[in-house]
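Listed below, chain by chain, are the residues.
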Amino acid sequence: MKKILLASLIGVVSSHALAQQDIKFVMEATYPPFEFMDENNQIQGFDVDLANALCDEMKANCTFHNQAFDSLIPALKFKRYDAAISAMDITEARLEQVNFSNAYYDNSAAFISLEGKVADQADLKGKRVGVQNGSTHQSYLIEQMPGVTAVPYSSYQDAFLDMKNGRIDSVFGDNAVVAEWFKRDDNLAYVGDNITNAKYFGNGFGIAVNKDNQALTDKLNSALKVVMANGVYEEIYTQYFGK
């Protein structure tokens with residue numbers, strides 16, 4: 001009788017532990033509207049709301065942690081966190097290091113400068129362009145625009161301030177993030193068309209996971225499929241980006 005009772009208790013505990021799986025998400029929280037710190041020093045943003053929706057679907061308890069962007073993949077590889085959701089482009093180079101969920105956001109990139117500062121993308125040659133260190137934007141500049149000096153920053157906020165103060169000539173970032181800056185500053189201009197080079201930006205944003213954790217990748221993909229089908233994703237998207 002005691003053995004039966006013990007076995008039953010173990011089954012209940014195991015089921016509860018499975019239902020309450022803990023998932024530690026990491027992100028670089030200076031990238032609105034995807035992730036940012038609010039007035040209470042809490043991480044908010046599109047990625048946070050989406051991750052919470054996925055956690056609800058998976059019946060998981062999720063926490064969010066802030067770390068420099070160029071350290072996100074190393075942190076996953078060392079298993080300090082379970083997943084990184086931080087407006088991260090799915091690229092072949094990154095797929096060699098981590099797994100990715102299916103894409104949850106289509107992405108393109110854009111150059112901006114102060115109004116009248118840079119005529120077009122050809123005029124960027126010989127100029128200094130701010131990018132986030134470890135980003136696909138940095139890789140693109142180094143590999144595709146060798147005449148441009150890529151200036152790495154730990155956050156785009158610092159790059160934006162340096163551009164405003166004349167220390168760099170332009171900033172190269174994700175189009176959705178750049179659009180947020182235009183809402184706050186009328187003295188900005190796009191430099192040429194959006195960049196959609198598939199090697200760097202054409203595969204969309206994905207949630208990165210340690211290669212040893214295929215089970216979590218599969219669960220995230222299943223949850224993504226549900227929230228994209230039941231209207232939850234659309235509701236979150238509309239809140240941050242409109243129709």
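Residues numbered from 1 in each chain as written. Predicted model: local features only at pLDDT ≥ 70, side-chain atom pairs only at ≥ 80, totals over all residues. Heavy atoms only, no water.

**Focus: the nonpolar core**
Core analysis: the biggest nonpolar cluster contains 63 residues, and Phe25 and Phe172 have the highest contact counts within it. Per-element accounting of this core gives the leading share, eight residues, to helix 2 (residues 46–58). The next biggest cluster of nonpolar side chains, apart from the first, holds 13 residues, and it includes Ala75, Leu76, Ala84 and Phe100. (Core = buried A, V, L, I, M, F, W, Y, C linked by side-chain atoms within 4.5 Å. Buried < 20%, exposed > 50% of the residue type's maximum accessible area, 1.4 Å probe, protein only. Helix = DSSP H or I, 4+ residues; strand = E, 2+ residues; numbered from the N terminus.)

**Focus on the sheet that holds strand 1 (residues 21–27)**
Strand order across the open sheet formed by five strands is 5-1-6-13-7, with mixed pairing between neighbours. Two strands bound the open sheet, and with one partner strand each, they are strand 5 (60–66) and strand 7 (99–100). Bridge count between strand 6 (residues 83–84) and strand 13 (residues 208–209): two bridges; the pairing is antiparallel. Within strand 13, the residue paired with alanine 84 across the bridge is alanine 208. Helix-sheet contacts for helix 8 (residues 214–229) involve strand 1, strand 6, strand 7 and strand 13, and the interaxial angle to strand 1 is about 85°. (Pairing = 2+ DSSP bridges. Contact = heavy atoms within 4.5 Å. Axes fitted to C-alpha atoms, helices over the stretch in contact; angles between N-to-C directions.)

**Here's the deal with the sheet that holds strand 3 (residues 35–37)**
Strands sit in the order 2-3-4 across an open sheet of three strands; the sheet is antiparallel. Of all strands in the sheet, those with a lone pairing partner are strand 2 (30–31) and strand 4 (43–44), marking the two edges. Note that strand 2 and strand 3 share two bridges and pair antiparallel. Note that in strand 3 the partner of threonine 30 across the bridge is phenylalanine 36.

**Focus on unusual backbone geometry**
Going from proline 32 to proline 33, the amide bond is cis rather than trans, its omega being 10°. Mapped onto the elements, proline 33 comes out in the loop between strand 2 and strand 3.

**A look at the pairing of strand 1**
Bridging between strand 1 and strand 5 involves seven bridges; their strand directions are parallel. Each residue of the ladder has a partner; that of lysine 24, found in strand 5, is threonine 63. Here two bridges tie strand 1 to strand 6, and the two strands are oriented parallel to one another. Note that in strand 6 the partner of phenylalanine 25 across the bridge is alanine 83.

**Some points on the domain arrangement of the protein**
A common way to state how big an interface is: give the accessible area lost once the parts meet. Domains assigned within the protein are domain 1 (22–106 + 204–241) and domain 2 (109–190). Here the C-alpha centre of domain 2 lies 25 Å away from the C-alpha centre of domain 1. The interface of domain 1 with domain 2 comprises 15 residues on the first partner and 15 residues on the second. Both sides of the domain 1 and domain 2 interface together cover about 1,200 Å² of buried area, and 53% of this is carbon and sulfur. The interface formed by domain 1 and domain 2 contains zero salt bridges. (Domains from an automatic or database assignment. Buried area = accessible area lost by both parts, 1.4 Å probe. Salt bridge = Lys/Arg side-chain N within 4 Å of Asp/Glu carboxyl O.)

**Side note on the pairing of strand 9 (residues 128–132)**
Of all five residues in strand 9, four are buried, a share of seventy percent or more. In this structure, strand 9 lies alongside strand 10 (residues 149–153), joined through five bridges in parallel fashion. Paired with valine 131 across the bridge in strand 10 is proline 152. With respect to chirality, the unit in which strand 9 leads through helix 5 (residues 136–144) into the neighbouring parallel strand 10 is right-handed. Note that strand 9 and strand 11 (residues 170–174) share two bridges and pair parallel. Within the sheet, the bridge partner assigned to glycine 130 lies in strand 11 and is valine 171. (Right-handed = clockwise from strand over helix to strand, strands pointing away.)

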